[in-house]
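Chains, contacts and geometry: an overview
Each chain, letter by letter, is given below.
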Amino acid sequence: MSEQRRSHRPAVSRRTFLRTIGIGAAVVAPGLSAVPARAQETPSPIRPDPAAKRGGTLRYAVHNAPAHFDVHQSGTVANIGPQSPMYDTLLRRDPKDGQTIIPDLAWKYEISPDGKKYTFYLRKGVKFHDGADFTADDVRATYERIARPPKGVVIPRTPLFATVGDIVVVNPHQVEFRMTEPRPRAYMLGAFASGWNIIVRKKTLEENGGNLRQVMNYPGTGPFKHVQRKDKEVWIMERNPNYWNKGLPYVDKLEVYHMFPFSPELGSSFLAGKVDYARLLDPVSWRKAKEMSGVTAAAFNQSVIQAFWCNEKKNKALADPRVRRAIHLAMDRHALIEVVKDTAPMQIGGFVYPFHEMSTPKAELEKKLGYQKDVKPAVQEARKLMAEAGYGQGLKGLDFVVRDIQTFKLWAVAIQAMLKEHINVETNLRVVQTSVWFDEAAAGNFDLAISAIVSTLMDPSDIFSAWYGKNGPQNYGSWVNEPFHDLAAQIEKELDTKKRTAMVRRAEDMLEKDPPLIPVAYEQIYDAWYNKVRGQNPSTYFGIYDVVRWDQVWMAT
Amino acid sequence: MRKYLARRAIFALGTLLGVSMIIFVVLRVLPGDPLVAILGVEGHARMQPADRVRIMADLGLSDPLPVQYVHWLGDIASGQLGKSFFRGDTVRDLILHRGPLSAEIALLALIISWLVGLPAGIASAVRPNGWLDAVARVVSIVFIAVPGFWLGLLIVLALLFWFGYKAPIIIVHVWENPWQNLQQVIGPAIVLGLAQGAYISRMSRSCLLEVIREDYVRTARAKGANEKAIVLRHALPNAILPVITISGVLLGFVLGGSVAVEQAFGVPGLGRALVTAIIERDIIVVQNLVLLYAAIFVLVNVLVDLSYAWLDPRIRY
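Residues numbered from 1 in each chain as written. Chains lettered and ligands numbered in written order. Predicted model: local features only at pLDDT ≥ 70, side-chain atom pairs only at ≥ 80, totals over all residues. Heavy atoms only, no water.

Brief notes about the overall build of chain B
Quick note on the threshold: The secondary structure listing takes helices from DSSP runs of H or I that are at least 4 residues long and strands from runs of E that are at least 2 residues long, numbered from the N terminus. Only protein chains enter the accessibility calculation, which uses a 1.4 Å probe; a residue is then buried when its area is under 20% of its type maximum, exposed when over 50%, and partly exposed in between. Only heavy atoms enter the contact rule, under which two residues are in contact if any of them lie within 4.5 Å. Only the protein chains shown count as covering a residue, and every accessible area follows the Shrake-Rupley method with a 1.4 Å probe.
Looking only at helices and strands, one finds twelve helices and zero strands in chain B. Written out in order from the N terminus, the α and β elements of chain B read α-α-α-α-α-α-α-α-α-α-α-α. In terms of overall dimensions, chain B has a C-alpha envelope of 85 × 60 × 35 Å along the principal axes. Residues classed as buried in chain B amount to 50% of the 317 residues present. The contacts in chain B between residues at least 6 apart in sequence include a share of 72% that link residues at least 24 apart. Split by element, the accessible area of chain B, about 15,700 Å² in all, is 71% carbon and sulfur.

As for the packing of helix H5 (residues 91-126) of chain B against helix H8 (residues 178-212) of chain B
Residues and elements named next belong to chain B. This is how the line gets drawn: The axes used here are C-alpha line fits, helices contributing only the stretch in contact, and every angle between their N-to-C directions lies in the interval 0 to 180 degrees. Should the near helix be turned counterclockwise from the far one by less than a right angle, the crossing is left-handed, whereas a clockwise turn marks it as right-handed. Any residue outside Ala, Val, Leu, Ile, Met, Phe, Trp, Tyr, Cys, Pro, Asp, Glu, Lys and Arg is labelled polar, Gly included; the first ten of those are nonpolar and the last four are charged.
Between H5 and H8, the least distance of the axes is 4 Å, while the angle of their chain directions is 35 degrees. In this structure, H5 meets H8 at a crossing whose hand is right-handed. Its residues assigned to classes, the contact of H5 with H8 comprises 21 nonpolar, eleven polar and two charged.

Considerations on H5(B)
Rules: How far a helix is expected to stretch is found by multiplying one less than its residue total by 1.5 Å. Bend at a given residue is defined as the angle between two axes, one fitted to the seven residues that end at that position and one fitted to the seven that begin there.
With 36 residues, H5(B) extends 49 Å from end C-alpha to end C-alpha; this agrees with the ideal 52 Å at 1.5 Å per step. For H5(B), the principal kink sits at B:Arg98 and spans about 45 degrees; a proline, B:Pro100, occurs within the next four residues.

Remarks on the sheet that holds strand S5 (residues 117-122) of chain A
All names here are of chain A. Using the following cut-off: Strands are treated as partners if at least two bridges between them are detected by DSSP.
Strand order in the open sheet made by the four strands is S4-S5-S7-S6, with antiparallel pairing throughout. Two strands in the sheet have a free side with no partner beyond their single neighbour: strand S4 (106-111) and strand S6 (164-171). The sheet shows a mean angle of 20 degrees between the axes of neighbouring strands, taken without regard to direction. Pairing analysis gives five bridges linking S4 to S5, with the strands arranged antiparallel. When the sheet's bridge partners are listed, Ile 111 is paired in S5 with Tyr 118. Against the sheet, helix H4 (residues 136-147) makes contact with S5, S6 and strand S7 (174-179), and its axis sits at roughly 170 degrees relative to S6, the strand it touches most. In the packing of helix H5 (residues 185-192) onto the sheet, contacts are made with S4, S5, S6 and S7, and the angle to S5 comes to roughly 35 degrees.

A short note on empty space enclosed by the protein
Heads up, the rule is: Two kinds of site are reported from a 1 Å grid over the protein atoms alone, namely cavities, where a 1.4 Å probe fits but cannot get out, and pockets, open sets with protein on both sides within 12 Å along at least five of seven lines, and residues are called lining when an atom falls within 4 Å of a point. Grid points are joined across faces, edges and corners, and a volume is the space filled by probe spheres set on the points.
Evaluated as defined, the whole model comprises four cavities of 30 Å³ or more. Its volume calculated, the largest cavity comes out at about 90 Å³. What lines the largest cavity is A:Asn64, A:Ala65, A:Lys232, A:His258, A:Phe260, B:Arg98, B:Arg272, B:Ala273, B:Thr276 and B:Glu280. Ranked by the residues each element gives to the lining of the largest cavity, the list is headed by helix H11 (residues 270-280) of chain B, at four residues.

Observations concerning the environment of A:Trp437
Residues and elements named next belong to chain A. Within the secondary structure layout, Trp 437 lies in helix H15 (residues 434-443). Classification of Trp 437 by relative accessible area gives buried; the value is 1%. Sequence separation between Trp 437 and Phe 542 is 105 residues, and the spatial gap between their C-alpha atoms is 27 Å. Every residue in contact with Trp 437, bar those within four places of it in the chain, is listed here: Trp 309, Val 401, Val 402, Arg 403, Val 432, Ala 449, Ile 450, Ser 451 and Tyr 476.

Side note on the interface of chain A and chain B
For the record, the criterion: Buried area is calculated as the accessible area (1.4 Å probe) missing from two parts once they are joined, with the contributions of both summed. Only one rule defines a salt bridge in this text: a Lys or Arg side-chain nitrogen within 4 Å of an Asp or Glu carboxyl oxygen. A 3.5 Å cut-off defines polar contacts: any pair of N or O atoms within that distance qualifies, except that in protein one atom must be a possible hydrogen donor and the other a possible acceptor, and neighbouring residues in sequence count only when both atoms are side-chain atoms.
Across the boundary between the two partners, chain A contributes 53 residues, which contact 45 residues of chain B. Buried area between chain A and chain B, both sides added, is near 4,100 Å², and the carbon and sulfur share of it is 58%. Per-residue buried area on chain A facing chain B is highest for A:Val154, A:Lys232 and A:Glu233; these three make up 15% of the total on that side. The interface formed by chain A and chain B contains three salt bridges. Linking chain A with chain B are ten residue pairs in polar contact (both at pLDDT 80 or more), by the criterion used here. Those elements that provide at least two residues to the side of chain A that touches chain B are strand S8 (224-230), helix H7 (264-271), H15 and strand S16 (448-454) of chain A. Looking at side-chain class alone, the side of chain A that touches chain B contains 25 nonpolar, 15 polar and 13 charged residues.

Some words on the pairing of S6(A)
All names here are of chain A. Sheet analysis places S6 next to S7, joined by five bridges and oriented antiparallel. In the sheet register, Val 164 faces S7, and the bridge partner there is Met 179. What sits between S6 and S7 in their antiparallel hairpin is a turn of two residues.

Considerations on the packing of aromatic side chains
The way to describe two aromatic rings as a pair is by their centre distance and the angle between their planes. This is how the line gets drawn: Working definition: rings of Phe, Tyr and Trp (its six-membered ring) pair if their centres are within 6.5 Å, and the pair is stacked with planes under 30 degrees apart, edge-to-face with planes over 60 apart, and tilted otherwise. A ring has a charge above it when a Lys NZ or an Arg CZ is no more than 6 Å from the ring centre and no more than 35 degrees off the ring normal.
In the structure shown here, the tally under the stated rule is 43 aromatic pairs over all chains. Arranged with centres 6.4 Å apart and planes meeting at 45 degrees, the rings of A:Tyr109 and A:Phe120 form a pair that is tilted. Here the residue A:Tyr109 occupies a position in strand S4, and A:Phe120 occupies one in strand S5, the gap between them amounting to eleven residues. Summarising the aromatic geometry, the rings of B:Phe24 and B:Trp72 are spaced 6.4 Å apart at their centres and angled 15 degrees between planes, so their arrangement reads as stacked. Highlighted residues: B:Phe24 in helix H1 (residues 2-29) and B:Trp72 in helix H4 (residues 65-78), separated in sequence by 48 residues. Taken individually, B:Phe24 and B:Trp72 each receive the classification buried, so the pair is uniform in this respect. Taken together through their ring pairs, the aromatic side chains of A:Phe351, A:Tyr353, A:Phe355, A:Phe464, A:Trp467, A:Tyr468, A:Trp479, A:Phe484, A:Tyr522 and A:Phe542 make up a single cluster. Here the guanidinium or amino end of A:Lys108 rests over the ring plane of A:Tyr121, the centre of that ring lying 4.8 Å away.

Focus on the pattern of salt bridges
Taken as a whole and assessed by the stated rule, the structure comprises 49 salt bridges over all chains. Across the pair A:Arg183 and A:Glu492 runs a salt bridge, and its minimum N-O distance is 3.4 Å. A residue pair is termed long-range when its members are at least 10 positions apart, and A:Arg183 in the loop between S7 and H5 and A:Glu492 in helix H17 (residues 482-493) qualify at 309 residues. The shortest N-O distance in the salt bridge between B:Glu227 and B:Arg221 comes to 2.8 Å. Counted as one network, the salt bridges with shared partners bring together A:Arg229, A:Asp231, A:Lys232 and B:Asp89.

Remarks on the packing of helix H10 (residues 227-265) of chain B against H11(B)
All names here are of chain B. Note the cut-off: Orientation is classified from the angle alone, with under 35 degrees giving roughly parallel, over 145 giving roughly antiparallel, 65 to 115 giving roughly perpendicular, and any other angle giving oblique.
Packing of H10 against H11 leaves a shortest axis separation of 7 Å and a crossing angle of 90 degrees. As the angle between them shows, H10 and H11 are arranged roughly perpendicular. Between H10, through Ser 258, Val 259, Glu 262 and Gln 263, and H11, the contact on the second element is made entirely by Leu 270, Gly 271, Arg 272, Leu 274 and Val 275. Tallied by class, residues from the contact of H10 with H11 come to four nonpolar, three polar and two charged.

Describing the layout of surface pockets
Residues and elements named next belong to chain A. Size it by volume and the second largest pocket reaches roughly 620 Å³. Surrounding the second largest pocket, 32 residues form its lining, Arg 185, Ala 186, Tyr 187, Glu 357 and Asp 459 being those nearest its centre. Among the secondary structure elements, those contributing two or more residues to the lining of the second largest pocket are S4, H5 and helix H18 (497-513). Per-element tally for the lining of the second largest pocket: the top contributor is H5, with five residues. In terms of residue class, the lining of the second largest pocket is made up of 15 nonpolar, nine polar and eight charged.

What to know about the nonpolar core
Short version of the rule: Nonpolar cores are built from buried Ala, Val, Leu, Ile, Met, Phe, Trp, Tyr and Cys residues. Side-chain atoms within 4.5 Å join them into one set.
Core analysis: the largest hydrophobic core is formed by 119 residues, its most contacted members being A:Phe308, A:Ile327, A:Trp411, A:Ile415, A:Phe464 and A:Trp467. The contacts of A:Trp411, once residues within four sequence positions are left out, are A:Gln306, A:Leu336, A:Ile337, A:Val339, A:Val340, A:Met346, A:Ile450, A:Val520 and A:Ala521.

Some details on H10(B)
Residue and element names in this part refer to chain B. With 39 residues, H10 extends just 43 Å between its outermost C-alpha atoms, more than 12% less than the 57 Å of an ideal straight helix rising 1.5 Å per residue. The largest bend along H10 measures about 55 degrees and falls at Leu 236, with the proline Pro 237 one to four residues further on. One or two steps after H10, the chain reaches Gly 266, where phi turns positive at roughly 70 degrees.

Here is the structure:
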């Protein structure tokens, strides 16, 4: 080609040459701006607040101490609470609303039109706390581990990345996720922005055989650095002076106190001013805090469903959808929420998070049987269904396994009475310790069972596979409904939000008629903080796992 | 005396060995394992059978029971007492960090129980069926009947709602800040001390009443001795032995009661560590702490026996 040019070089005038250059530049310029290597790295949308003050110590109380230190392997706020401030993620939820997905270690991302390639452009100059540079290799190692955990490592978020094929390092600051099939944009971005998916060093994983359970202080890139940990008491961190988001964090010191959720100890510590911010307060302390001057109290949605399972494999009667729907209708949910109002905050919901944009709106839901304040119509329908199924006389001697936690014990007694009174179903309560409950549930040693389960995302596809999926890890009732599973598979792939919403509503209707579990209530979180803590209000947050970095929070004097 | 000590030491070791076997077996027979606490609910639900096998092997829980028991004895012999399943800390570190706080509470409770119980018992015995006796008996029955953790919760709530006060929430050792340390231990010590003081009061009352009716006390009175001297110098030394015995037994109650009372007051001592370990099914921590409590109980009872010889010249070993 170059030879040809040399031999047939046309003669051009200076004007023609400059015009050609000008037109060429105009054509090429927009393309160039899309070339990442020359693109301008944008700062984090979380910018320092001009009104904010630097310095001070934030004393934050949340949950008891973690059982281990591997955030990826964890499913509890015991890890996220103290460890999250030391790490960053590729994307994150904006702390202003807890919903909007914004850049983090990736300053920009692109999704291919067919939804099968996610490209992340990584920030330059980011350093881990041990001084090492952050590169695309660390992202690849982190996500290879999450998507395909090594043996003996169990990561609850693995299914979110089931369609991630190759993770390709394009250059030290660009990484591509190539999908085997597309997933809805909100679903995948939510997965990447999950607070659980912290970026850890490739070297750290290699040095510890891929298992960080016993590694207390592994380097992150986050706004705070580890200083000291007193087991089951407090985890102390200091401001990372080299944090890539210049000007943040504001507070010099972060003290995370370990206290049991909903405990009098947590409530009394907050009310006595021993901590500045308390999460998972019991309702009594929270109401007291709400009355105090100089204190703000907020309630927000949690990614937990309080549920009741019927074992279809063990009990023939419970395999009949009419019997399960009858049990579903026999529950007076408003009364159940009242029963535990001083123990834990709850709200009514159906089979999809009641606050999710695709689920049936609350006002509409409360018109449906099973969710109304007046339970008579629902009970009438329940009795009719039992009679149609051939169990008009009721059922006797059902083994009702109850997790040994106050809310479940209170509910179990109330549900036992409701089932007996409304549809003549007699149950024998068996209260067991938490680990026994999960072993019994997984082994199918129960007729009825009550507990709570969590999800990572609010997206229906996450819960449709984990809670209601044919082989879903939390499908304890061994529920199978082929038309639903087919629909759930379509919902998982559907990229159009409008169509997807319609499909989710159809799925809800199917679940109402043939319940895989019976939703008792959806948990809420009670937080309270002294007004000197500025920069965060979780009222619109979903869950307690995504926005817990404290980089934007400051202390007013 | 040496022979007696050697005999008691051998007996104590045998007792502790027996206790260790019982604890070991009971903790392994009880249903439940630490995997839910380690992996979380979601992780546990997604765990494959192969993962379970691997993790249980890593924790040393898939070895045969005799092997696990021998490993534990080895850990005791090494002084490390094994590692927590969870965060990898040794139980020795846990005891060294939290033990002083619990020891202070036990010691203070013992002192309070004597300071309150003995004078109340003496006052009751000196004027039996008088108003002071009636008050002391009612109060002692109340403190015996009321559960310590409930009283503890009431005190915590009263201090909080009336004075906005709560003791420090993390461990403050006496050598770091004596005032803050006192705030941490005084509440549980008072609750436990008053409950034990009630027993001491009742025991010292009945023992003194018995001794006061003895001939030598009547003789002392007949000779015109001062009543105070009669009670304190003649009757009390002879009535005190059963009170000391019961104090040794009561220390067991203090240790046991401290588990719930520390929880009620939110004091991060060994009692609270035991509660957390039970919830987490951290059996290595549980078995070592229970054995520690048993060892303290055995040791205190040996010391009580030895104190007899010192207090009563008629007793020789």
